[in-house]
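Here are the chains, one letter per residue:
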Amino acid sequence: MSDLPIDIKISKVSKSKIDQVDFNNLTFGKVFTDHMFVCDFKDGAWQTPEIIPYQPLTIAPSARVFHYGQAVFEGMKAFKDTNDEIWMFRPEDNFHRINKSSHRMAIPEFPKDYFFEGLTTLLQLEKDWIKKGKGNSLYIRPFVIATEEAISASPSNSYKFIIICSPAQSYYAGEVKVLFAEEYSRAADGGVGYAKAAGNYGAQFYPTSLAHAKGYQQIIWTDASTHEYLEEAGTMNIFFRVGDALLTAPTNDRILDGITRKSVIQLAKDNGIAVEVRRVKVSEIKEAARKGDLKEIFGAGTAAVINPIAGFEHGGEKFDLPKQEHSYASLFKEQLTNIQYNISEDPHGWRYKV
Ligand code: COI
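Notes on the structure in this doc start here. (Residues numbered from 1 in each chain as written. Predicted model: local features only at pLDDT ≥ 70, side-chain atom pairs only at ≥ 80, totals over all residues. Heavy atoms only, no water.)

## Structural notes on the site of the ligand
Neighbouring the ligand are Phe-73, Gly-75, Tyr-139, Arg-141, Tyr-171, Lys-196, Tyr-201, Thr-235, Thr-302 and Ala-303. Thr-302 has a polar backbone atom sitting 3.2 Å from an oxygen atom of the ligand. Protein contact buries 91% of the 290 Å² of open area that the ligand shows by itself. Its residues assigned to classes, the shell around the ligand shows five nonpolar, three polar and two charged. (Near = heavy atom within 4 Å. Polar contact = N/O pair within 3.5 Å; in protein donor to acceptor, adjacent residues only side chain to side chain. Areas by Shrake-Rupley, 256 points an atom, 1.4 Å probe, with all protein chains shown as cover. Nonpolar A, V, L, I, M, F, W, Y, C, P; charged D, E, K, R; others polar.)

Next up, the structure:
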């Protein structure tokens, strides 16, 4: 890790493109801000970082990332409060997680001071892109790619660490119904499921497209060996409310250690809700649904925040979830976003002032 002072080179755009953006009609992840943070790894060290205008990269077609998918990423958000102050949510956790993901993918870890200096300098520069009001945020995407021109199957000697930002509203538009996985798997024991490795996401696209064709927006992945236990949704961790108890799978090497997930578990405890972090069987959820005990299913993730699930299918059986007047999903979303937007107290010290 570097302990040298950081001197980020900054080149600004001559004219911002912000006026061309309709902030009331954003599709998730389609519009990017004016600048990006870039830092190269070469000769065994991370070089002086730069902030430059958002632009295409020039990368050799032989770069290892294109052949072996040596790439990891993170998802974070920045929020603006009514006093125009900018906040992030638990960014230390994202920093640790990207390095955990990098470690698993044989990518050199990124220095903490570079990460935080880069992030805060970039956000200050892009502050006009962060709109006030609940539901508005700036989605931040740090990622690392292997850039060495070499196609032998081994780790790269050079990398780029980049941060791009995209103004965001909601991730899922409309009702979300899910299919419980019976055939395909997202992750296996000893694999990379816990890492935010690019390939974990790409590998879901084909089975998810089959689910889409059946009218489902997402797949709830089950354990690869038996398909009997519910694990995560791929873009979100997943929670079940049976009676008044909240159930979610424990993290392991197949499941992403979601920051929204652990915040929801804490909020549930703060609200006196019984939380069971344990393996959740497909059969028990179906049985609870048949008996009317399954009150809610919701996903939790940075991009999606808290997303209620309206129904699911498994083994050819379809289930619709009842509408709840006082749902846990809306309670947690309210409490979480109140902390994120600096509306309520922050008893666990999750907010980070930029
Ligand atoms: C996030 O919630 O930040 C994610 O990683 C989901 C992403 C694939 C859009």
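## Examining the nonpolar core
Ranked by size, the top nonpolar core spans 54 residues in total, and within it Phe-37, Trp-46, Phe-115, Leu-123, Ile-140 and Phe-161 carry the most contacts. Looking at which domains feed residues into this core, each of domain 1 (9-168) and domain 2 (176-340) supplies at least three. With residues near it in sequence (within four places) discarded, Trp-46 still touches Cys-39, Asp-40, Phe-41, Pro-108, Glu-109, Phe-110, Pro-111, Tyr-114, Val-144, Tyr-159, Lys-160 and Phe-161. Counting residues in hydrophobic clusters, the runner-up holds 22 residues, among them Ile-238, Ala-304, Phe-312 and Leu-321. (Core = buried A, V, L, I, M, F, W, Y, C linked by side-chain atoms within 4.5 Å. Buried < 20%, exposed > 50% of the residue type's maximum accessible area, 1.4 Å probe, protein only. Domains from an automatic or database assignment. Contact = heavy atoms within 4.5 Å.)

## As for the packing of helix α5 (residues 259-270) against helix α7 (residues 328-340)
Relative orientation of the contacting elements α5 and α7 amounts to 110°, with a least axis distance of 10 Å. Classified by the angle between their axes, α5 and α7 sit roughly perpendicular to one another. Between α5, through Thr-260, Ser-263, Val-264, Leu-267 and Ala-268, and α7, the contact on the second element is made entirely by Phe-332, Gln-335, Leu-336 and Ile-339. For the contact of α5 with α7, the per-class residue count stands at six nonpolar, three polar and no charged. (Axes fitted to C-alpha atoms, helices over the stretch in contact; angles between N-to-C directions. Helix = DSSP H or I, 4+ residues; strand = E, 2+ residues; numbered from the N terminus. Parallel < 35°, antiparallel > 145°, perpendicular 65-115°, else oblique.)

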